[in-house]
Amino acid sequence: MVELSPVIWWVRRDLRLSDNPAALAACAGGRPVIPVFIHDDGVARLGAAPKWRLGLGLECFASTLARIGSRLVLRRGDALEVLRALVAQSGAGAVVWTRAYDPDSVARDTRVKTALKQDGIEARSLAGHLLFEPWTVATGQGAFYKVYTPFWKVVRTREVPEPCAAPRALPAPATWPESDMLDSWQMGTAMRKGAEIVATHLRVGEEAAQARLDEFAASAIADYATARDFPACNGTSRLSENLAYGEISPRTCWHAGLRAMHEGKAGAETFLKELAWREFAYHLLWHSPHIATSNWRPEWDAFPWNTDENAPEVIAWRQGRTGMEFVDAAMRELFVTGTMHNRGRMIVASYLTKHLMTHWRIGLDWFADTLIDWDPAANAMGWQWSAGSGPDATPYFRVFNPVTQLARFDPGRRYVDTWIAEGRRRPSRKALSYFEAVPPSWGLSAQDAYPAPVVTAEAGRKRALEAYQARKF
DNA sequence: TGCCAGTTGTG
DNA sequence: ACAACTGGC
């Protein structure tokens, strides 16, 4: 009997077996499959929270693979070098992976594919991270969409393929290649003390993600359209964490949303619209990769942004000590849980880029360091949307007032009371946990007085609008 | 997925 | 006195 040459499944942000075309392709011919995750520069550059969360996802996915008789091989180094070494060692004839769309990954993957093909190895990338490949959605003129609403109109009626089944088993190779120990990668070191606290808020892995989707589609989705705006309500799906690492596929979420819509659940269409926002973010990132690094509208280069990331008011913003309760509550929620309610994301972004006139890149960097659901496309689009420098962005003069937003979206003050300890007779557990999570070097104590506003709602608005009127474009 | 000041209409 | 509307940022 001839030993079939193995297939390498290069696992990246697709830590799932269900609806994973790359996994299916890997085992389609009945050949042995070697799943490998590579710790390369891209992983090394991840922020503290996403790197730590990725480590937990890998640990979970390795045990999922073990349950079906497979393994997750861990290797460190340049992706191409690692894959070439694995090919030589295992005699593999093919490498498959799920496509990524951020510019760094695209450059790496293109280089890898070209080189492997030159080596005579079959190299295939497959769709799986998105509903539609970004180059398949185009306007009548053949251009890419720069405005969300027409994008949504075209996407809502498109056929999304049904999710594909998980492979029952991945045939194991005769001998397994060596693997690093996950612990040796120290994915959590940058998280320091906050990690234990953040961990209580997570749901890691494919099974947890599916359970979360089922639970959401069974109940909360009905009120999603209104409840999602109130940070004190558990009105959101909280699936971003799982979507970010591919623990669930967007197609699985889409079809759950469609089914809920056909069952007459009112909020289901809004949920589909949010999935389309994720899709739109990737559409923009693919067609204009510079959205992640520089103003999408170059005229904003002339705006007098504060670019000092260590300015006192910027430090106050990061530490949740601006003196604006809604902003501080949201920034503390971020630091303690690794996530932030969407309403909070809009408010803290508006406050940073408008009241504090600080460059959105500083906010983008902090989110990239602290969000466990960090996503290159959503983060870039979200910040440029908030700052007013992006395509289809909110105009710069549209300034959120953090005080009136609080009255409107947290009228019972449950959210701010959950996250702010100072001045409360009986601070909540979560509010106190913030002081345990922050580095001692910040020198914060729950006994401190709540800070006075670094910039008030009125003064910040006035200053931002004056700068906007005086702009040179 | 805004805010605010100014105006108009109602009692 | 105040809701409802409007235009400009």
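Residues numbered from 1 in each chain as written. Chains lettered and ligands numbered in written order. Predicted model: local features only at pLDDT ≥ 70, side-chain atom pairs only at ≥ 80, totals over all residues. Heavy atoms only, no water.

As annotated in an unreviewed UniProt entry, chain A is Deoxyribodipyrimidine photo-lyase from Rhodovulum bhavnagarense. One UniProt comment on chain A, placed under Sequence similarities (unreviewed entry), says "Belongs to the DNA photolyase family." (UniProt positions renumbered as here; feature names shortened; annotations may be inferred.)

Moving on to the pairing of strand β1 (residues 7-11). With respect to burial, β1 is a largely interior element, five of its five residues being buried. Burial along β1 is two-sided: the residues Val7, Trp9 and Val11 and Ile8 and Trp10 are all buried. Here β1 pairs with strand β2 (residues 33-39) via five bridges, running parallel. Looking across to β2, one finds that Ile8 is bridged to Ile34. The sheet contact formed by β1 and strand β4 (residues 94-98) spans four bridges and is parallel. Residue pairing in the sheet places Trp9 in a bridge with Val96 of β4. (Buried < 20%, exposed > 50% of the residue type's maximum accessible area, 1.4 Å probe, protein only. Helix = DSSP H or I, 4+ residues; strand = E, 2+ residues; numbered from the N terminus. Pairing = 2+ DSSP bridges.)

Turning to the protein's contact with DNA strand B, a few remarks are in order. For DNA strand B, the set of nearby residues contains 15 residues, the closest of which are Met346, Arg398, Val399, Asn401 and Arg408. Within 4 Å of the protein, the contacting atoms of DNA strand B are drawn from sugar and phosphate to the extent of 52%. Between DNA strand B and Arg408 there is a distance of 2.6 Å, counted from a phosphate oxygen to a side-chain nitrogen or oxygen. Between Arg461 and DNA strand B, the recorded distance is 3.4 Å, taken from a side-chain N or O atom to a base oxygen. (Near = heavy atom within 4 Å. Polar contact = N/O pair within 3.5 Å; in protein donor to acceptor, adjacent residues only side chain to side chain.)

What follows deals with unusual backbone geometry. Not every positive phi belongs to a glycine, and Asp19 is a case in point at roughly 45°. Here Asp19 shows up in the loop between β1 and α1 (21-27). Judged by its relative accessible area of 0%, Asp19 falls in the buried class. Of note, Asp392 is a non-glycine position whose phi angle comes to about 50°, a positive value. Along the polypeptide, Asp392 turns up in the loop between α17 (376-387) and α18 (402-409).

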